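Okay, here's what each chain looks like letter by letter:
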Amino acid sequence: MQSSTKVIAQLIGANKRYKSGDTEITALQATTLDFRSNELALIIGPSGSGKTTLLSLLGCVIYPTEGEVLVGGNKVREMSETQLSNLRLNYIGFVFQNFNLVAPLTALENVMFPLTLQGVSGQEAKARALQALEGVGMADRKNFKPKQLSGGQQQRVAIARALVTKPQLLLCDEPTASLDAVSMVSVLQELHRLSKEGIAVAIVTHDPRLKEYADRTIYVESGRVTDNAEFSIH
Ligand SMILES: Nc1ncnc2c1ncn2[C@@H]1O[C@H](COP(=O)(O)OP(=O)(O)OP(=O)(O)O)[C@@H](O)[C@H]1O
Ligand SMILES: [Mg+2]
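Rules used throughout
- Residues numbered from 1 in each chain as written.
- Chains lettered and ligands numbered in written order.
- Predicted model: local features only at pLDDT ≥ 70, side-chain atom pairs only at ≥ 80, totals over all residues.
- Heavy atoms only, no water.
- Pairing = 2+ DSSP bridges.
- Helix = DSSP H or I, 4+ residues; strand = E, 2+ residues; numbered from the N terminus.
- Contact = heavy atoms within 4.5 Å.
- Axes fitted to C-alpha atoms, helices over the stretch in contact; angles between N-to-C directions.
- Donors = N, O, S within 2.8 Å, 3.2 Å for Na, K, Ca; no water.
- Buried < 20%, exposed > 50% of the residue type's maximum accessible area, 1.4 Å probe, protein only.
- Near = heavy atom within 4 Å.
- Polar contact = N/O pair within 3.5 Å; in protein donor to acceptor, adjacent residues only side chain to side chain.
- Areas by Shrake-Rupley, 256 points an atom, 1.4 Å probe, with all protein chains shown as cover.
- Nonpolar A, V, L, I, M, F, W, Y, C, P; charged D, E, K, R; others polar.

Caption draft 1: Broad picture of the sheet that holds strand β5 (residues 74–75). The strand order across the open sheet built from four strands is β2-β1-β4-β5, with neighbouring strands paired in antiparallel fashion. Two strands bound the open sheet, and with one partner strand each, they are β2 (23–36) and β5. Pairing of strand β1 (residues 7–20) with strand β4 (residues 66–71) involves five bridges; the strand directions are antiparallel. Of the residues in β4, the one forming a bridge with I12 is E68. Contacts between helix α1 (residues 51–58) and the sheet are confined to β1, β2 and β4, with β2 contributing the most and set at about 55 degrees to the helix.

In structure tokens:
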């Protein structure tokens, strides 16, 4: 491991249980893991095993039931709602499993949205959003609304929206599920390049083709995490 890498996010004995009626589901058992800059980590495992739960804890979308989650050195549990929204806005990029694009907004407006929240001026936000759309090959669809785009195109817009703020921690839930082989390779090359520029990237996937881009593979099964450090030739 390079000495210049730093810990971007940490789970310390963090677990997640959901209660529904009388039953309790352990979505994630107590987990201790570090996510570092310059590292692209894959999170793999069967459906329902806890992958999205793990990613959502890292993305400060949910709180752990027990244990701690630290992002950028801050204990998530001790942060106020405002501090948390600032952290999510400025530090974390999240590509959701279901894209989560805003339906009435165009592709360009969707990508501009986080920049507008950051207070970036309209002109600069537009230029940066266009650049991010170009990066995923979607500039020619900039005025299309989500429902006018295919699944793979929506996925690429969601990736552009996550990258446009230049986050330190990039979390992607199945980012290549709807992509053809060519788009998949270009997205993965971009994510790999970004990780080498110093950000921490975690990708949930079922796609074994992604392994060659990963520095590390984390397995999740029945809520239990196994950190199997596998370093690729990249
Ligand atoms: N909000 C919730 N309330 C109750 N149970 C939940 C909730 N979210 C997730 N779970 C349960 O937690 C377990 C893990 O779910 P999770 O979404 O993390 O799986 P996953 O590995 O991402 O699956 P997939 O590959 O299908 O997306 C599942 O059994 C699921 O039913
Ligand atoms: Mg999931």
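After presenting the structure, the write-up continues.
Caption draft 2: Representation of the coordination of the magnesium ion (ligand 2) in the model. Protein-derived ligands of the magnesium ion (ligand 2) are T52 (OG1) and Q97 (OE1), with the metal-ligand distances lying across 2.0 to 2.5 Å. Here T52 is found in helix α1, whereas its partner Q97 is found in the loop between β6 (92–95) and α3 (107–118), with 45 residues between them in sequence. When its relative accessible area of 33% is taken as the criterion, T52 is described as partly exposed.

Caption draft 3: Molecular detail of the site of ligand 1. Near ligand 1 the following residues occur: Y18, A27, P46, S47, G48, S49, G50, K51, T52, T53, Q97 and H206. A distance of 3.2 Å separates an oxygen atom of ligand 1 from a polar backbone atom of S49. T52 is positioned such that a nitrogen or oxygen atom in its side chain is 2.8 Å from an oxygen atom of ligand 1. For ligand 1, the protein covers 63% of the area, taking 640 Å² as the surface of the free molecule. For the shell around ligand 1, the element with the highest residue contribution is α1, accounting for three residues. In terms of residue class, the shell around ligand 1 is built from three nonpolar, eight polar and one charged.

Just geometry here; none of it tells us what the structure is for.
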